[in-house]
Amino acid sequence: MPVVNVTVKWSGKKFDNIQLDTDLPPEVFKAQLYTLTGVEPERQKLMGKGGMIKDDSDLNKLNIKEGQVFTMLGSAGEIPIAKPPPQPVMFMEDMTDTQIAQALKLPAGMVNLGNTCYMNATVQCLRAIPELSVALHKWGNNLGGDPYSNLAVSLRTLFGSLETSGEAVPPLAFLQLLRTVHPQFAEQGRGGYAQQDAEECWGQIVTTLREKVPGLKLDGQINTEKRFIDQFMTLETTSTLTCDEAPAEDPTISIETSNKLQVTIGPGVSTYMVADIQSGLTQAIEKHSPSLNRTAKYTKKSQFSRLPAYLAVNFVRFQWKAEQRVRAKILKAVKFPMALDMRQYVTADLAEKLEPARQRIKAVDEASASIKKHKKKQKEAQETAGPSTTGTMDVDIPSRTPMSQLDFYRELNIDSTLAEDVGANVSGYYELIAVLTHVGRAADSGHYIGWVKQTKKESTSAIDPSNKYCWWKFDDDKVSMVADEDILKLEGGGDWHSAYICLYAAKPLEDIPAIPEP
């Protein structure tokens, strides 16, 4: 819905022509009312035609009309007398798009330069890897005669512009270099440049970064003997090939690497990512058997022997249909998790090395659950006793002497080969941080969008205390906040947004918080 002008009545006063953006959560509107009335958002009760508007209400579903009248209940707290602000107070309805983005700390979107949503969504998702920005910055190369190196330098510049800009950024230089290095993205269609496949764009950008951007050392400095992509995004697979028709034949063991995990979508109306990963690790193959001296049936079983800090899972959603000469889309739903445990897919050796870090994460989760339970009981007790009760108790994180990541890993008894593997996942646990989606029926048509989880630096807790809307939706130049439940709807099925690439980050290791006394 568009932005509508509404009226709010409160304490005998009437406020006309207040702009209400129905795409944003009610907390944003309450923040506007706070600036007008002095009533803090948590003390506001907002009444509309259909009853009370709750903090988790979807404003788009309330059918709010232009000029609609709301009644607000709530009293303003004591407002301290202060000196006039150095600059005039600005209300949201008086702000420009740039000022609103800066006030709400909305990240910058990217201008669509003509069927470039595939590139925009890819860049926004890759920007969710903070170590990539660090490596590009410390690499320090400048534009020169190597177009591949120039593409990586241009990505660094684009990341910087997106970090500092309060409005949508036109990625002109990066697009031009992408089309120079990879001419397939300069293909012409009807009336201009053709739509392209975001997964292909992702692959070509990552391949270029692998060739040009050096890795990082344990202390965070550049390591010219390593490649960043090899360290932070490369998955290692160990496979065993055995002959079904000649069990005595020696098995063949091979090791392969890839910077994304391709998942073939299973049969049925809908399927699950974790099940499709498992089924993809066993393959039936026919090849020449040296012991039988003929073609025979083999079974290839694979396990992961290295997990990267960032795991890109690519759903194979497109298949070539020769009769239509088009890459048609597999529309079925694929349910993907917000939290992923890869231990069940790894080798026995790696599983053993992952255990110390897994125990720490389990201890942190248990302590956090106990603290949450304690806070809930404390809140219930306060509500029962009334406002005279003392405030909530802060939860302390035990103080410790600062130490390096390697020393921290050693303290946890993590195997040295794993602890010293910069960019590796040491626990097997992952959290979803970005999703690249496609809506449409073919890879070279439709629309791509990037969905990226907010970082602590980007937290919008000031206007969303529940932290429900903790994801950014990057629809080219349009940026909005969405909730976890909106991300889970991206599983596909029909013509809705379908997850094409899911980017997972290793779950961080933390200190165990102290549990308050009962």
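This text goes with the structure placed above it.
Definitions and cut-offs
Residues numbered from 1 in each chain as written. Predicted model: local features only at pLDDT ≥ 70, side-chain atom pairs only at ≥ 80, totals over all residues. Heavy atoms only, no water. Pairing = 2+ DSSP bridges. Helix = DSSP H or I, 4+ residues; strand = E, 2+ residues; numbered from the N terminus. Axes fitted to C-alpha atoms, helices over the stretch in contact; angles between N-to-C directions. 1 Å grid on protein atoms, 1.4 Å probe; cavity = no way out; pocket = protein on both sides within 12 Å on 5 of 7 lines; lining within 4 Å. Points joined across faces, edges and corners; volume = space filled by probe spheres on them. Nonpolar A, V, L, I, M, F, W, Y, C, P; charged D, E, K, R; others polar. Parallel < 35°, antiparallel > 145°, perpendicular 65-115°, else oblique. Contact = heavy atoms within 4.5 Å. Buried < 20%, exposed > 50% of the residue type's maximum accessible area, 1.4 Å probe, protein only. Expected span 1.5 Å × (residues − 1). Polar contact = N/O pair within 3.5 Å; in protein donor to acceptor, adjacent residues only side chain to side chain.

Visitor: It is not clear to me how the sheet that holds strand β3 (residues 45-48) should be interpreted in this structure. Could you clarify?
Guide: Through backbone hydrogen bonds, the strands of a sheet pair up, either in parallel or in antiparallel fashion. Pairing in this open sheet of five strands is mixed, and the strands run β2-β1-β5-β3-β4 from one edge to the other. Looking at the sheet topology across the chains shown, the edges are occupied by β2 (13-20) and β4 (51-53). Taking the axes of each pair of neighbouring strands and ignoring which way they run, one obtains an average angle of 35 degrees across the sheet. Two elements, β3 and β4, share three bridges in a ladder whose sense is antiparallel. The residue of β4 that forms the bridge with Met 47 is Met 52.

Visitor: Is there a simple way to explain empty space enclosed by the protein in this structure?
Guide: To find leftover empty space, one rolls a probe the size of a water molecule over the atoms. Enumeration according to the criterion identifies one cavity of 30 Å³ or more in this entry. Taken as a whole, the largest cavity encloses approximately 40 Å³ of empty space. Taken together, Leu 20, Pro 26, Phe 29, Leu 46, Ile 53, Leu 59, Ile 64 and Phe 70 form the lining of the largest cavity. Residue composition of the lining of the largest cavity, by class: eight nonpolar, no polar and no charged.

Visitor: Would you mind going over the packing of helix α5 (residues 147-164) against helix α7 (residues 198-212) with me for this structure?
Guide: When two helices pack together, their arrangement is given by the angle between the helix axes and by the axis-to-axis distance. Relative to each other, α5 and α7 sit at 105 degrees, their axes nearing to 9 Å. With respect to each other, α5 and α7 are oriented roughly perpendicular. The segment α5 lies against α7, with Tyr 148, Ser 149, Leu 151, Ala 152 and Leu 155 engaging Ile 205, Thr 208, Leu 209, Glu 211 and Lys 212. Taken together, the residues of the contact of α5 with α7 sort by class into six nonpolar, two polar and two charged.

Visitor: What is the right way to read the environment of Pro 25 from this model?
Guide: Counting through the fold element by element, Pro 25 comes out in the loop between β2 and α1 (26-37). Its relative accessible area of 2% is what places Pro 25 among the buried residues. Taking the C-alpha atoms as reference points, Pro 25 and Asn 60, 35 residues apart in sequence, are found 9.7 Å from one another.

Visitor: When you look at the pairing of strand β5 (residues 69-73) in this model, what are you seeing that I'm missing?
Guide: Residues in a regular strand point their side chains to alternate faces of the sheet. Only one face of β5 is covered, namely the one carrying Phe 70 and Met 72; the face carrying Val 69, Thr 71 and Leu 73 has none of its residues buried. Two strands pair when backbone bridges link them, and strand β1 (residues 4-10) and β5 are joined in this way by three bridges, in the parallel orientation. Residue pairing for β5: Val 8 is matched across the bridge by Phe 70. With three bridges connecting them, β3 and β5 associate as antiparallel partners. Bridging from a neighbouring strand, Lys 45 pairs with Leu 73 of β5.

Visitor: It is not clear to me how α5 should be interpreted in this structure. Could you clarify?
Guide: In an α-helix there are 3.6 residues to a turn, and that puts residues three or four apart on one side. Compared with an ideal rise of 1.5 Å per residue, which puts 18 residues at 26 Å, α5 spans 26 Å between its outermost C-alpha atoms and is within 8% of the ideal. Every buried residue belonging to α5 is among Ser 149, Asn 150, Leu 151, Ala 152, Val 153, Ser 154, Leu 155, Arg 156, Leu 158, Phe 159 and Leu 162, and all of these are buried. Structurally, the start of α5 carries an N-cap: the backbone nitrogen of Tyr 148 is 3.0 Å from a side-chain oxygen of Asp 146.

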